[in-house]
Amino acid sequence: VQLQASGGGLVQAGDSRQLSCEASGFTFSTYTMGWFRQAPGEEREFVAALSWDIVTTAFADSVKGRFTISRDNTRNTVYLQMNSLKPEDTAIYYCATTRTARTWGTTPGDYDYWGRGTQVTVSS
């Protein structure tokens with residue numbers, strides 16, 4: 001399993017940014033995909049998740065209404081669209097996939113496979 005996140009960078013507060021995560025090594029269309037983030041000195045936290053069948057989504061309260069998650073099962077890619085970015089969104093963003101196919105989770109413990117992360121820095 002390989003997950004490669006990209007799209008991070010330095011942005012200003014209020015800007016938008018889209019992260020991408022390209023997956024390989026498993027049947028992407030049958031796995032829930034999640035985004036997590038970790039700020040310096042903080043624990044890794046859930047950001048968003050999207051089920052394999054694109055039916056179920058979940059978002060952290062801190063990003064609801066600002067972030068959306070989508071996936072293209074033909075491209076084995078999951079996206080995180082981040083709008084109205086705030087300085088507190090600064091973190092390394094990780095994509096991840098669940099332990100088994102057709103399962104759902106919103107905690108780090110539900111996910112077994114992780115990408116290397118992409119840094120998002122939001123300046124005020």
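A short tour of the structure in this document, coming up. Quick caveat: nothing in here was measured; it's all calculated off a predicted structure. (Residues numbered from 1 in each chain as written. Predicted model: local features only at pLDDT ≥ 70, side-chain atom pairs only at ≥ 80, totals over all residues. Heavy atoms only, no water.)

**Considering the nonpolar core**
Where we set the bar: Working definition of a nonpolar core: buried Ala, Val, Leu, Ile, Met, Phe, Trp, Tyr and Cys residues. They are joined through side-chain atoms within 4.5 Å. Think of it in three bands: residues with accessible area under 20% of the maximum for their type are buried, residues over 50% are exposed, and the middle band is partly exposed, with areas taken using a 1.4 Å probe on protein chains only. Numbered from the N terminus, helices here are DSSP runs of H or I no shorter than four residues, and strands are runs of E no shorter than two.
With 33 residues, the main nonpolar core has Trp-35, Val-47, Phe-67, Leu-80, Met-82 and Tyr-93 as its most contacted residues. Of all the elements in the fold, those that place two or more residues in this core are strand E1 (2-6), strand E3 (17-24), strand E4 (33-38), strand E5 (45-50), strand E7 (67-72), strand E8 (77-82), strand E9 (91-98) and strand E11 (118-123). Here this core takes 5 residues from E5, the largest share from any one element.

**Here's the deal with the state of the cysteines**
The line we're drawing: Defined by distance alone, a disulfide is two cysteine sulfur atoms within 2.5 Å.
In this structure the tally under the stated criterion is 1 disulfide. Here Cys-21 is linked by a disulfide to Cys-95, with a sulfur-sulfur distance of 2.0 Å. On the S-S bond that ties Cys-21 to Cys-95, the torsion sits near 55°, and the link is right-handed. Of this pair, Cys-21 sits in strand E3 while Cys-95 sits in strand E9; the two residues are 74 residues apart in sequence, bridging distant segments of the chain.

**Observations concerning the environment of Ile-54**
Going by this rule: Contacts were defined at the residue level, with two residues in contact if any of their heavy atoms lie within 4.5 Å.
Following the sequence through the fold, Ile-54 ends up in the loop between E5 and strand E6 (57-59). For Ile-54, a relative accessible area of 48% corresponds to the partly exposed category. As for Ile-54 and Lys-64, which are separated by 10 residues in sequence, their C-alpha atoms are 18 Å apart. Non-local contacts of Ile-54, meaning those with residues more than four positions away in its chain, are made with Arg-71 and Asn-73.

**Let's talk about the sheet that holds E3**
Selection criterion: Two strands qualify as a pair provided that DSSP identifies no fewer than 2 bridges between them. Every axis in this analysis is a line fitted to C-alpha atoms, fitted for helices over the stretch in contact. Angles between the N-to-C directions lie between 0 and 180 degrees.
Spatially, E1-E3-E8-E7 is the arrangement adopted by the 4 strands of the open sheet, whose pairing is antiparallel. At either end of the open sheet lies a strand with only one pairing partner, and these are E1 and E7. The mean angle between the axes of side-by-side strands here comes to 15°, regardless of whether they run parallel or antiparallel. The pairing of E3 with E8 spans 6 bridges and is classified as antiparallel. Paired with Ser-20 across the strands is Tyr-79, a residue of E8.

**So, the pairing of E8**
Of all the 6 residues making up E8, 5 are buried; the element is thus mostly covered by neighbouring parts of the structure. Relative to E8, E7 is paired through 6 bridges, and the arrangement is antiparallel. Opposite Phe-67, over in E8, you have Met-82 as the bridge partner. The hairpin turn running from E7 into E8, its antiparallel successor, is 4 residues long, and Asn-76 in that turn takes a positive phi close to 50°.

**Concerning the side chain of Asp-89**
Worth spelling out the cut-off: The definition of a polar contact used here is a pair of N or O atoms within 3.5 Å, where within protein one atom must be able to donate a hydrogen and the other to accept one, and adjacent residues in sequence count solely through side-chain atom pairs.
Mapped onto the elements, Asp-89 comes out in the loop between E8 and E9. We classify Asp-89 as buried; its relative accessible area is 0%. At 2.7 Å, the side chain of Asp-89 forms a polar contact with the side chain of Arg-66. In this structure, Asp-89 is in contact with Arg-37, Arg-66, Phe-67, Ser-84, Val-120 and Val-122, ignoring residues within four places of it in sequence.

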